[in-house]
Amino acid sequence: MDVLTLGELLDLGDLPDRLGRVESRLAEVLQSDVGAISDPSLRVTQAGGKRLRPILALAAAASFDRFDDRVVAGATAVELVHVGSLVHDDVFDRALRRRGVPTVNAVEGESRAVMVGDYLLARAGEEAARVSAEVAATLAWTITQLCLGQHLETVDVGDLDRSVERYTRSIRGKTASLLAASCRIGVQSADGDEAASEAMARYGDAFGMAFQILDDVLDLTSTEEAMGKPVGNDLRSGVYTLPVLVALDGPDGEELRALLDDVALGDRNGSVEPRLGRAVELVRASEGVDAALAEVDRHCAVAVGALDALGDGPVATGLRDLPERYRQWVLATVANR
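The paragraphs below set out a description of the structure included in this document. Being a predicted model, the structure only gives us computed values, none of them experimental.

In terms of helices and strands, the chain carries 17 helices and 2 strands. Rg of the C-alpha trace for the chain: 20 Å, near the compact-globule value of 20 Å for 337 residues, within the 12% margin. With the C-alpha coordinates aligned to their principal axes, the bounding extent of the chain is approximately 55 × 50 × 30 Å. The proportion of buried residues among the 337 residues of the chain is 53%. Counted over contacts in the chain with a minimum sequence separation of 6, partners at least 24 positions apart contribute 72%. Accessible surface for the chain amounts to roughly 14,100 Å². Of this, 50% is attributable to carbon and sulfur atoms. Averaging the coordinates of the 35 positive side-chain charges in the chain and doing the same for the 55 negative ones gives two points 2 Å apart.

For the rest of this paragraph, the subject is the environment of Ala57. Within the secondary structure, Ala57 is located in helix α4 (residues 52–62). Owing to a relative accessible area of 1%, Ala57 belongs among the buried residues under this scheme. With sequence-adjacent residues up to four places away left out, Ala57 is seen in contact with Ala75, Ser182 and Gly186.

It is worth spelling out unusual backbone geometry at this point. In the Ramachandran plot, Arg51 falls in the positive-phi region, its phi being about 55° despite a non-glycine side chain. When you line up the elements, Arg51 lands in the loop between α3 (35–45) and α4. Judged by relative accessible area, Arg51 falls into the buried class, the value being 6%. Even without being glycine, Asp191 reaches a positive phi, approximately 60°. With respect to the helices and strands, the residue Asp191 is situated in the loop between α9 (164–189) and α10 (194–221).

Before going further, it helps to spend a moment on the pattern of salt bridges. What the rule picks out here adds up to 29 salt bridges. Arg70 serves as the salt-bridge partner of Asp191, at 3.5 Å between the closest nitrogen and oxygen. Placement of Asp191 in the loop between α9 and α10 and of Arg70 in helix α5 (residues 69–93) is noted, with a sequence separation of 121 residues between them. With a closest N to O distance of 3.1 Å, Glu295 and Arg298 form a salt bridge.

The interhelical angle for the contact between helix α2 (residues 15–30) and helix α7 (residues 110–131), taken along N-to-C directions, is 115°, at an axis separation of 10 Å. The handedness of the crossing between α2 and α7 is right-handed. Contact with α2, carried on its side by Arg25, Val29 and Leu30, involves Tyr119, Leu120, Arg123, Glu127 and Arg130 of α7 and no other residues of that element.

Before going further, it helps to spend a moment on α3. Looking only at α3, the buried set comprises Ile37, Ser38, Pro40, Ser41, Leu42, Val44 and Thr45. Buried residues belonging to α3 abut α2, α5, α6 (104–107) and α7.

Another point: the packing of aromatic side chains. As enumerated under the stated definition, the model contains 4 aromatic pairs in all. Centre to centre, the rings of Phe211 and Tyr326 are 5.5 Å apart; their planes meet at 25°, and the pair counts as stacked. A residue pair is termed long-range when its members are at least 10 positions apart, and Phe211 in helix α10 and Tyr326 in helix α17 (residues 314–333) qualify at 115 residues. For the pair shown, Phe211 and Tyr326 are each scored as buried. The rings of Tyr203, Phe207, Phe211, Tyr326 and Trp329 are connected pair by pair, giving a single aromatic cluster.

Moving on, we get to α4. For α4, the tally of buried residues reaches 11 of 11 residues, placing the bulk of the element in the interior. Lining the buried residues of α4 we find α1 (3–9), α2, α5, α9, α10 and α17.

Looking now at the side chain of Glu127. Within the element layout of this structure, Glu127 appears in helix α7. Discounting chain neighbours no more than four positions away, the residues touching Glu127 are Arg25, Val29, Ala73, Thr76, Ala77 and Leu80.

On the secondary structure map, Ser41 appears in helix α3. Overall, Ser41 belongs to the buried group, its relative accessible area being 0%.

The rules behind each value
- Residues numbered from 1 in each chain as written.
- Predicted model: local features only at pLDDT ≥ 70, side-chain atom pairs only at ≥ 80, totals over all residues.
- Heavy atoms only, no water.
- Helix = DSSP H or I, 4+ residues; strand = E, 2+ residues; numbered from the N terminus.
- Rg over C-alpha atoms; globule rule 2.2 N^0.38 Å.
- Buried < 20%, exposed > 50% of the residue type's maximum accessible area, 1.4 Å probe, protein only.
- Contact = heavy atoms within 4.5 Å.
- Areas by Shrake-Rupley, 256 points an atom, 1.4 Å probe, with all protein chains shown as cover.
- Lys, Arg positive; Asp, Glu negative; His and termini not counted.
- Charge placed at Lys NZ, Arg CZ, Asp CG, Glu CD.
- Salt bridge = Lys/Arg side-chain N within 4 Å of Asp/Glu carboxyl O.
- Axes fitted to C-alpha atoms, helices over the stretch in contact; angles between N-to-C directions.
- Left-handed = near helix turned anticlockwise from the far one by under 90°.
- Phe/Tyr/Trp six-rings, centres within 6.5 Å; stacked < 30°, edge-to-face > 60°.

Here is the structure:
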């Protein structure tokens with residue numbers, strides 16, 4: 001979904017201009033006389049992306065009719081955390097491309113990538129502190145959740161017996177927590193009340209869960225051209241997501257398990273690509289994708305219900321429509337179904 005579409009949905013005709021303020025601030029924040037760190041930081045930050053997290057922060061603040069430097073700083077902070085976490089994720093996954101461009105670890109090496117990720121997170125903390133101690137505390141708590149969620153995923157890499165409960169805990173930490181924080185920080189930046197802050201955080205958490213499960217579906221059903229990264233990347237990395245976990249319990253689970261064992265062995269057992277392709281086919285043919293999409297629907301409904309306390313203003317109405325509109329857009333334009 002492009003910014004103009006989101007602006008129309010959220011009744012924010014000037015959303016591109018508001019987001020442009022955030023883009024300018026991102027560039028300002030990351031400038032440094034140490035080009036070895038700031039240059040790759042700027043490159044990955046400006047590589048594109050949905051900018052969903054700052055948009056949610058801007059929308060949450062707009063529900064209180066607020067847009068100023070504090071709101072821009074809060075929105076900038078959440079995007080810096082997001083990009084920093086992606087840089088670290090690419091190190092873990094040894095990914096070579098992200099958003100269609102080379103990753104920091106592919107160009108500058110893993111050690112530099114770790115420092116770049118840390119730099120982005122540190123700059124995010126500075127921006128949050130510019131808003132308020134409350135926003136800084138929210139951001140710090142969120143970075144903790146990101147670390148815990150990533151750890152849960154890392155220790156489960158290659159575990160064919162990974163439970164759905166552990167998968168859920170992981171994605172709540174590494175994805176949903178930041179969408180929840182984006183919504184909460186938007187309210188906090190606008191000096192909104194605690195009830196609204198809690199409601200928006202619940203909305204962001206539920207939308208974040210739906211968002212990540214959809215992303216996991218895309219890893220199995222989309223194309224490299226549409227996603228900007230290889231399809232089946234999670235399987236290649238030994239990260240078994242909800243569609244895969246459901247498929248492993250299905251009628252073709254034994255064959256799928258054997259294929260994934262072979263993929264994990266890598267070149268020691270011949271090229272992994274034919275086995276990986278067959279594994280993706282089995283998951284697509286199983287009930288896994290439909291089961292995952294049913295969970296997406298459930299989380300979307302939770303997100304909508306969370307906003308009851310915000311009334312029926314145009315921004316709140318748009319936010320209620322966003323999860324389902326986003327789901328429909330993904331399945332119509334990105335997923336190969």
